[in-house]
Each structure stands twice: as structure tokens, then as C-alpha cells.
Amino acid sequence: MSPPSTSSLEQSERPGPWRLAGLDAARGLAVAGMIVVNVGPRGADSLAETLYRLPYGRASLLFMLLGGIGFSLLTRRARSGETPIPVGSILWRALVLFVGGLLLQALDHGVSVILVTYAALFIVALPFTRAAGGVLLVLAGFSASLGPILWLAVQERTDKAFDRHPLTATDSPGELLAGTFITGPYPVAVWAAPFLLGMWLGRRDLSSQLLSTRLIMWGAVSALGARTISIALIAYMGEPTSHLVWQRLISSVAHSQMPLWLVEGTGAALFVLGLCLKIADRCVQSWLEPLVKLGQLAFTAYVGHLLILALAVRPGPATLPEGLVVSALILVALIVFSLTWRRLVTRGPLEMLLRPPRLWPSGT
């Protein structure tokens, strides 16, 4: 479901330990949300289960937002003209994520792996490495507003035949291209919005108390406002159905690819990011260490939790208590591994693969 971290390469780009803690803590929370969502179960309507499913449709958008921030941090020196744009490193990273995503999808974990879309966004972002911040915001706006319309238009032309199955290594090049950009569970046309917004945020002064306050405030306003608007429109126009394709535009259902869901979920991501930046600047670092270390090994944790799901968990769990226990066990195991590994090695085992092979012997 959710993409890996770029924290390993970003560490050398960040000017202070607080920023590493704030961003990686947010990434750690996204990992925790991803685990809960992917473990399940889903479908019940009790208050407890509704709270349990809060990360659904939000954790993945938080990863996309952080991915865009990571891209900007990775290319910061290139934007200032100090170094060339690291095209080779970014293309290598995209290749690893693309191939890894297709391989992981073959496992029996029941999760739609988002890595292929994540890889595509790194490539799509390359031409905009030195674009003005205003351009990034305009493009993000186009993605959030026109992307869902394109998604619906193509669905209408194909007689609503989107199966939205995850992309696999057996798909043809045309199917991979169409699935990645429009018809798949994570279409670039829509999911570029939080990534581009993250690119814009990555150019801001994330140490600013004013910025973190604004992220918290505007994130909450966006999330609550979008959900309120959707509820009001549905009360007036009726619940969207598959027979009225364009009426879906008023929906805020998670992973619906619709604008109000995108605004709500991205707003929640901004709120979490702002809160993590604020807390990291004010709290004792040891209190955040488990989340920070988990965030630094997010790619490893992402792959690890899918392996655990495929080998030890599926087809369960069937009830909320089972889901809570399994999620907690996986999360604790990954945190313990992350804490132990980071005391011994600078980069996570799979994070090392994100660096081009020519850099492997250096041990950096």
C-alpha cells in the first residue's frame, strides 16, 4: 500500500537533527498506519472499528507527501546550482522501487503495492526539479482537480470496466503504463498531487515554528472541511452510485480517487507532519526514538511487513481484537529491529539498495 522512505539519502541533506527526527517520526507513524490498514480486518461499522480504520486512505497519502519532501531534499544542492541534478541516482532508485513493487505484488499478502506508482513519480518529478514553487503548486492543483476527472472519463469510456487489480510482472508494457498512470489502484494522475505538494514543502524552512503551526491548522481545516462538504453534498444529491459515474465527484470515501477524499487525506497528512515537526522541536529525542528509527528504515519495514503478512498472517485476522494483536506484534517487531539495526549500521538493509551500485563499496 504505502511507499518506502528516502531518509537514508536525505540524512546528508538535512541541516539539523530536529528535522531528521520530525520527518522520520512522521514516516514512522505512516508505517504504523500502513500496518494497521494492511493487517485488517475491514468492513465493520462499530465505533472501535471506525477508529481502527482511521489510517485507511491517509497513511499512503502521508507517504506520498513525505516522498515529495524527500525528493526536494535529495535535489536541494542541484537546485541551487552547486551540483548537477542526480539523474542517475534517481533513476536507479525508481528502478529498484519499480522492480521491487512488481516482485512484492506476487506474494500472497492481499495488499496493493504502491511502489510502482512511487517509482513513476520520482521519474515524473525529474523535469520539475528546478521548477518554481508556484509551478509545483499549480501542477498539484491540476492533479487534484483534473486527475479524478480523467480517471472518471477513462472509466466511462471503458464501460466502467476498471478492475483496479494491482500491477504485476505478467502485465504487458501497455497495461503497466495504463495501470500506473490512470487505471490502477494508485494512478499517477491523481496521486501526483500530494507528491508535488511535498516537493513544494521540501523547499520551505521546516524548522519554522510558524510553518509547523500552519501545517497543523490548515491540515485540520482541509481535512474537516472536505469531509463536511462531501457529507453536505451527499445529503443534498444522494449517495453516489456506480450508475451515476460523475456523481462520484462528491465522494470522500478513502481511495475513491475523488478530489474531496484527496483534499481530506492530504489535509490529514499535513496535520500529522506539522504535529511531528512541532513535537520533535519541543520533546526529548529519546521519547521519539522508536518512531524515528522506524521511519529511517521505512523501506525495510514496508517490505518486511508484507513478507510477514504473506508468510505468517494470511488469511487472517477475522476480528478487530485479532487485528489489534497482530498489528501490535508486527509493529513492535519492526521497531525492535529498527532500533537494533540503527545502533550497528548507518543505513537500513534495503535502504542501501536505493543507492547506485557504484556507491555501495564506500559503506556510506
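Here the structure is a predicted model, which is why all the values come from computation and not from measurement.

A. Here's a closer look at the overall build of the chain. A count of helices and strands for the chain gives 15 helices and 0 strands. Relative to its 364 residues, the chain shows a buried fraction of 52%. Taking all contacts inside the chain whose residues are at least 6 apart in sequence as the whole, residues at least 24 apart take part in 77%.

B. Structural view of the confidence of the model for the chain. Of the residues in the chain, 88% have a pLDDT of 70 or more, and the chain-wide mean is 87. Across the chain, element-level confidence peaks in helix H10 (residues 188-201) with a mean pLDDT of 97 and bottoms out in helix H1 (residues 7-10) with 36. When the criterion is pLDDT under 50, residues 1-19 qualifies, and its contacts beyond four places in sequence or with other chains add up to 83 contacts.

C. Fine view of the environment of Ser89. Positionally, Ser89 belongs in helix H6 (residues 87-105). Along the chain, Ser89 and Leu74 lie 15 residues apart, while their C-alpha atoms are 9.8 Å from each other. Beyond its immediate stretch of four places on either side in the chain, Ser89 contacts Leu354, Pro356 and Arg358.

D. A look at the packing of helix H8 (residues 133-157) against H10. It is the contact of H8 with H10, at a shortest axis distance of 7 Å, that shows an interaxial angle of 160 degrees. As far as their axial angle goes, H10 and H8 are roughly antiparallel. As H8 runs across H10, the sense of the crossing is left-handed. Contact residues: H8 offers Gly133, Leu136, Leu137, Leu139, Ala140, Ser143, Ala144, Gly147, Pro148 and Leu150, while H10 offers Val188, Ala189, Val190, Trp191, Ala192, Ala193, Leu196, Leu197, Met199 and Trp200.

E. Expanded view of the environment of Thr129. Along the polypeptide, Thr129 turns up in the loop between helix H7 (115-125) and H8. With relative accessibility at 1%, the residue Thr129 sits in the buried group. Spatially, the C-alpha atom of Thr129 lies 8.5 Å from that of Phe71, the residues being 58 residues apart in sequence. When near neighbours in sequence (up to four residues on either side) are disregarded, Thr129 contacts Phe71, Thr75, Arg79, Ile85 and Arg203. Reaching out from Thr129, the side chain makes a polar contact with the backbone oxygen of Leu126 at a distance of 2.7 Å.

F. How the structure looks around the environment of Ala318. Along the polypeptide, Ala318 turns up in the loop between helix H14 (298-313) and helix H15 (320-344). Relative accessible area serves as the criterion here: at 64%, Ala318 is assigned to the exposed category.

G. View of the pattern of salt bridges. Within the structure shown, the criterion is met by 5 salt bridges. For Glu289, the salt bridge goes to Lys293, with nearest N and O atoms at 3.8 Å. One end of the pair, Glu289, and the other, Lys293, are both in helix H13 (residues 285-296), 4 residues apart, so they sit about a helical turn from each other. Here Lys293 falls in the buried class, since its relative accessible area comes to 16%. Salt bridges sharing common partners tie together Arg58, Arg227 and Glu264.

H. Representation of the packing of H6 against H7 within the structure. Between H6 and H7, the least distance of the axes is 7 Å, while the angle of their chain directions is 165 degrees. By the angle class used here, H6 and H7 are roughly antiparallel. The two elements H6 and H7 meet at a crossing, and its hand is left-handed. The segment H6 lies against H7, with Ile90, Leu91, Arg93, Ala94, Leu97, Phe98, Gly100, Gly101, Leu102 and Leu104 engaging Leu115, Val116, Tyr118, Ala119, Phe122 and Ile123. Looking at side-chain class alone, the contact of H6 with H7 contains 13 nonpolar, 2 polar and 1 charged residues.

I. Up close: the packing of aromatic side chains. In this structure the tally under the stated criterion is 8 aromatic pairs. Aromatic pair Tyr118 and Phe195: ring centres 6.4 Å apart, planes at 85 degrees, arrangement edge-to-face. Of this pair, Tyr118 sits in helix H7 while Phe195 sits in helix H10, and the two are 77 residues apart along the sequence. Here Tyr118 and Phe195 have matching classes, each one buried. We note Arg204 situated over the ring of Trp200; from NZ or CZ to the ring centre the distance is 4.5 Å.

J. Seen up close, H7. Counting buried positions over the 11 residues of H7 gives 9, a clear majority of the element. Those residues of H7 that sit buried are Leu115, Val116, Thr117, Tyr118, Ala119, Ala120, Leu121, Phe122 and Ala125. Residues of H7 that are buried make contact with helix H4 (59-74), H6, helix H9 (173-183), H10 and H14.

Reading the values: the criteria
Residues numbered from 1 in each chain as written. Predicted model: local features only at pLDDT ≥ 70, side-chain atom pairs only at ≥ 80, totals over all residues. Heavy atoms only, no water. Helix = DSSP H or I, 4+ residues; strand = E, 2+ residues; numbered from the N terminus. Buried < 20%, exposed > 50% of the residue type's maximum accessible area, 1.4 Å probe, protein only. Contact = heavy atoms within 4.5 Å. pLDDT = per-residue confidence, 0-100. Axes fitted to C-alpha atoms, helices over the stretch in contact; angles between N-to-C directions. Parallel < 35°, antiparallel > 145°, perpendicular 65-115°, else oblique. Left-handed = near helix turned anticlockwise from the far one by under 90°. Polar contact = N/O pair within 3.5 Å; in protein donor to acceptor, adjacent residues only side chain to side chain. Salt bridge = Lys/Arg side-chain N within 4 Å of Asp/Glu carboxyl O. Nonpolar A, V, L, I, M, F, W, Y, C, P; charged D, E, K, R; others polar. Phe/Tyr/Trp six-rings, centres within 6.5 Å; stacked < 30°, edge-to-face > 60°. Lys NZ or Arg CZ within 6 Å of the ring centre and 35° of its normal.

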